[in-house]
Number of protein chains: 2
Amino acid sequence: MASFTFAVRATDGDARLGELRTPHGIVQTPAFMPVGTQGAVKAMRQSELEQAGAEIILANTYHLMLRPGDALVARRGGLHRFIGWPRPILTDSGGFQVYSLAQRRVITEEGADFQSHLDGTRCLLTPERAADIQARLGSDIAMVLDECLALPATRDEAAIAMARSVRWAERGRRRLLALRAGEVSDVPVSNPGQAQFGIVQGGVFPDLRLESAEATIAIGFEGYAIGGLSVGEPTEQMYAVAGDTARRLPAARPRYLMGVGTPEDLVECVARGLDMFDCVLPTRNARNGQLFTSEGRLNIKNAKYAEDDGPLDPACGCYTCRHHSRAYLRHLYLAGEMTAGVLNTLHNLSFYLDTMRRIRDAIAFRTFAKFRQEMLRSTLSAGAP
Amino acid sequence: MASFTFAVRATDGDARLGELRTPHGIVQTPAFMPVGTQGAVKAMRQSELEQAGAEIILANTYHLMLRPGDALVARRGGLHRFIGWPRPILTDSGGFQVYSLAQRRVITEEGADFQSHLDGTRCLLTPERAADIQARLGSDIAMVLDECLALPATRDEAAIAMARSVRWAERGRRRLLALRAGEVSDVPVSNPGQAQFGIVQGGVFPDLRLESAEATIAIGFEGYAIGGLSVGEPTEQMYAVAGDTARRLPAARPRYLMGVGTPEDLVECVARGLDMFDCVLPTRNARNGQLFTSEGRLNIKNAKYAEDDGPLDPACGCYTCRHHSRAYLRHLYLAGEMTAGVLNTLHNLSFYLDTMRRIRDAIAFRTFAKFRQEMLRSTLSAGAP
């Protein structure tokens, strides 16, 4: 795949500074991908995302296949053109939403049979169909369909789901290669340079993770993701599994930790060799009035901000912090103004993307250990400012 | 008031091209004022309003007195500083919201006694208190408290409300002059250059309108508004009353038609000598998927836009029209994305503000009659494009 390459440009301990080249541009790693579930990062305009420094966004296959439909998106020239976002896009496979949103889900060897949460329509998502849908969407990075484990799960349940995910990964990869080779005549390929990542599963069981990693690597993908973490297990265990698994993945390929996490999680997982992250936390929390700052988290609803003329975060250079006070943001939030969602999201995403920039700088200057220490000290300090 | 001046720079028929100078900058008239009810134009950032060409916004005294409270705003240095909007602001008097939103309203000669729609708190809004609140807010243009007529109304009811509004206007003016003179020690005056407009009432009865205009002019204000129109009367009657009343107002003062209207209304009322307008139509309709375009209105929900790759309005240069298709905007709207509200509001406000710019250009070039004709022909043509 000449149009998709990854290179590690520097390391500092296990932390890696890298560059992902895709058909829609370059992504500096470690990278955070804002979540644009339905083809829009909630409350944001695309130009605001670019200004905040987003180099890649994530979109959800499950949501887009149901509405407006992947065939419609393909007729619009693919997802980039449809949503007016010229930079790289990663699409997930839909597996997690089938698990978390869909109704009357039945998983068989064939795939996931479920009812749409929108209108109850019966759908079948197979590894092949997940690849087809993402080919129509034309994302730069597609994910294989995996089986998400219903929690809590025994080791046996985790082993069965992991083994099935490996078999699905083989089928998904075979389908992608057929699509690339032009052998699937009824599926338009919106982005011929699309890469595909495999997903390592196995719950919190080290031997299952190892087995999954080896089998997934054996299939061969442009990159590797770690799925099924940050789903309720203790943070230290999440870090340990992410780190152990990352070490088993090829050094020359990007490593993507799915659905993670807090700013501290990002730093800790970069320290363990992870390159890519996505999470709804900055956007969802913003809409709920929860803001991330260099001095810790704050809840803008708090009465103590009613007459606070200072910015959300004195160290932040985002539009919100440059223009507005905590007092005004509290007023907008309590008044139920949509503008609260806009301004808060802009800040939280800026904070996340700035954090990633500072992480990359620290790796480049080989000061990442110091950065990590200071970051954790400040964010773990006594709560909100 | 040296800090508030108005000059008519050109006329074309009854249409006037003017310039309003306020303590927070210049407003070219005819002007449309986007409505920022609670200190924010819904879904907009202040920088977006500026970019769209808004030179003045309207904020609601009723909403702000209840939340966050005018005293808090005064402690923040006034409304401009609190909301981060450096340009002119007009505040209404609260009279209309007492009529339309408040509960258990009792109008006496003293003022309007009501319960807050937020928490049922008992409030008394008098002409003096309306002036005090607006002094604390520090808007550039304050409005006197008037009595809004419950509709349908007989001529007698309209006459009684009009006469009371005149008495209230006298009291409101006296209070403003006392505030200006520093005679009200417990009310901080956030904007010493604040102007005050009187409001002509009288329903759809020409003799009452005339009587109200004469009495209000006799009191003497920096500008004059026409209230109580666009409340259900036939459009032609609204135009006639607005035009007749405008002719009775001093040529050297700005004339503000409150709560009006559609793009066609703006053109028709500029043609009748009106200078300033405000309306929730562009912002509220945007959030409901109703878009104004140079080819008429369109409802973005309509199935015919599902695969329409064109912009909302090919003649529009706003961010939304430059970046996104009707197909994407329809998807965002149906998916319930906040970004739909943002992009649609940006377009509708841009369309309104562009229309005002074109109106001003046409008056300057003395081509307003032609502009008016073409505008009405295109917007009245068979519905949406």
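Quantities reported herein were computed from a predicted structural model and do not represent experimental measurements.

### Quick word on the overall build of chain A
Next, step 1: Across its full length, chain A carries 15 helices and 16 strands.
Next, step 2: Computed over its C-alpha atoms, the radius of gyration of chain A comes to 20 Å, within 12% of the 21 Å expected for a compact globule of 385 residues.
Next, step 3: Across its three principal directions, the C-alpha atoms of chain A cover 60 × 45 × 40 Å.
Next, step 4: In chain A, which comprises 385 residues, the share counted as buried stands at 56%.
Next, step 5: Considering only contacts in chain A between residues 6 or more positions apart, those separated by 24 or more positions represent 68%.

### So, helix H10 (residues 263-270) of chain B
Next, step 1: Among the eight residues of H10(B), seven are classified as buried, and the element is accordingly described as predominantly covered.
Next, step 2: Along H10(B), the residues classified as buried are B:Pro263, B:Asp265, B:Leu266, B:Val267, B:Glu268, B:Cys269 and B:Val270.

### Digging into the sheet that holds strand S2 (residues 15-22) of chain B
Residue and element names in this part refer to chain B.
Next, step 1: Pairing within the open sheet is antiparallel, and its three strands lie in the order S1-S2-S3. Bordering the open sheet on either side are strand S1 (5-12) and strand S3 (25-29), each of which pairs with just one other strand. With strand direction ignored, the average angle separating the axes of adjacent strands in the sheet is 15°.
Next, step 2: Where S2 meets S3, five bridges bridge the pair, whose relative direction is antiparallel. Each bridged residue has a counterpart across the sheet, and for Arg 21 the counterpart in S3 is Ile 26.
Next, step 3: Contacts from helix H14 (residues 338-364) reach S1, S2 and S3 within the one sheet, and its direction differs from that of S2 by about 115°.

### A closer look at the domain arrangement of chain A
Residue and element names in this part refer to chain A.
Next, step 1: Per the domain assignment, the segments making up chain A are domain 1 (56-279) and domain 2 (288-379).
Next, step 2: Between the C-alpha centres of domain 1 and domain 2 there is a distance of 30 Å.
Next, step 3: Of the residues lining the interface, six residues belong to domain 1; the matching set on domain 2 comes to eight residues.
Next, step 4: Taken together, the residues of the side of domain 1 that touches domain 2 break down into five nonpolar, no polar and one charged.

### Comments concerning the sheet that holds strand S7 (residues 103-107) of chain B
By way of backbone hydrogen bonds, the strands of a sheet pair with one another, either parallel or antiparallel.
Residues and elements named next belong to chain B.
Next, step 1: Read from one edge of the open sheet, three strands run S7-S8-S9, paired in antiparallel fashion. Because the sheet does not close on itself, it has two edges, and the strands there are S7 and strand S9 (122-125). On average, each strand axis in the sheet is inclined to that of its neighbour by 15°, with strand direction left out of account.

### A few points about the relation of the copies chain B and chain A
Next, step 1: Its rotation angle being 180°, the transformation that places chain B on chain A also includes 0.0 Å of axial translation and leaves an RMSD of 0.0 Å. Such values leave the two copies arranged in the relation of a two-fold axis. If distances are taken from each C-alpha of chain B to the rotation axis, the shortest is found for B:Met338, at 3.8 Å.
Next, step 2: By residue overlap, the copies meet face to face through one surface: 100% of the interface positions of chain B are interface positions in chain A.

### Examining the interface of chain B and chain A
Next, step 1: Counting from both sides, the interface comprises 34 residues of chain B and, opposite them, 34 residues of chain A.
Next, step 2: Of all elements in the fold, only helix H3 (70-75), helix H4 (79-83), helix H12 (319-323), helix H13 (326-334) and H14 of chain B reach the threshold of two or more residues within the side of chain B that touches chain A.
Next, step 3: Across the side of chain B that touches chain A, the residue classes break down as 17 nonpolar, nine polar and eight charged.

### Focus on the packing of helix H7 (residues 155-180) of chain A against helix H8 (residues 206-219) of chain A
Residues and elements named next belong to chain A.
Next, step 1: Running from N to C, H7 and H8 point in directions that differ by 10°, and their axes come no closer than 10 Å. Classified by the angle between their axes, H7 and H8 sit roughly parallel to one another. Taking contact as the criterion, the partners of Ala 158, Ala 159, Met 162, Val 166, Ala 169, Glu 170 and Arg 173 in H7 are, on H8, Leu 208, Ser 212, Ala 215, Thr 216 and Ile 219.
Next, step 2: Taken together, the residues of the contact of H7 with H8 break down into eight nonpolar, two polar and two charged.

### As for the pairing of S1(B)
All names here are of chain B.
Next, step 1: When S1 meets S2, the two strands line up antiparallel, connected through seven bridges. If you follow Phe 6 over to S2, its bridge partner there is Leu 20.
Next, step 2: Count of turn residues in the S1/S2 antiparallel hairpin: two residues, of which Gly 13 carries a positive phi of about 65°.

### Let's talk about the pairing of strand S8 (residues 112-115) of chain A
Every regular strand shows the same layout, with side chains that alternate between the two sheet faces.
Residue and element names in this part refer to chain A.
Next, step 1: Residues Ala 112 and Phe 114 point to one face of S8 and are all buried, whereas Asp 113 and Gln 115, pointing to the other face, are not buried.
Next, step 2: With three bridges connecting them, strand S7 (residues 103-107) and S8 associate as antiparallel partners. The residue of S8 that forms the bridge with Gln 103 is Gln 115.
Next, step 3: Where S7 hands over to S8, the hairpin turn is made up of four residues, counted between the paired strands.

### Considerations on the environment of B:Ala315
Next, step 1: You can see B:Ala315 is positioned in the loop between strand S16 (296-299) and H12.
Next, step 2: A residue is classified by how many C-beta atoms lie within 10 Å of it, and B:Ala315, with 12 of them, is exposed.

Calculation rules
Residues numbered from 1 in each chain as written. Chains lettered and ligands numbered in written order. Predicted model: local features only at pLDDT ≥ 70, side-chain atom pairs only at ≥ 80, totals over all residues. Helix = DSSP H or I, 4+ residues; strand = E, 2+ residues; numbered from the N terminus. Rg over C-alpha atoms; globule rule 2.2 N^0.38 Å. Buried ≥ 20, exposed ≤ 12 C-beta atoms within 10 Å, placed from the backbone. Contact = placed C-beta atoms within 7 Å. Pairing = 2+ DSSP bridges. Axes fitted to C-alpha atoms, helices over the stretch in contact; angles between N-to-C directions. Domains from an automatic or database assignment. Nonpolar A, V, L, I, M, F, W, Y, C, P; charged D, E, K, R; others polar. Least-squares fit on C-alpha atoms with pLDDT ≥ 70 in both. Parallel < 35°, antiparallel > 145°, perpendicular 65-115°, else oblique.

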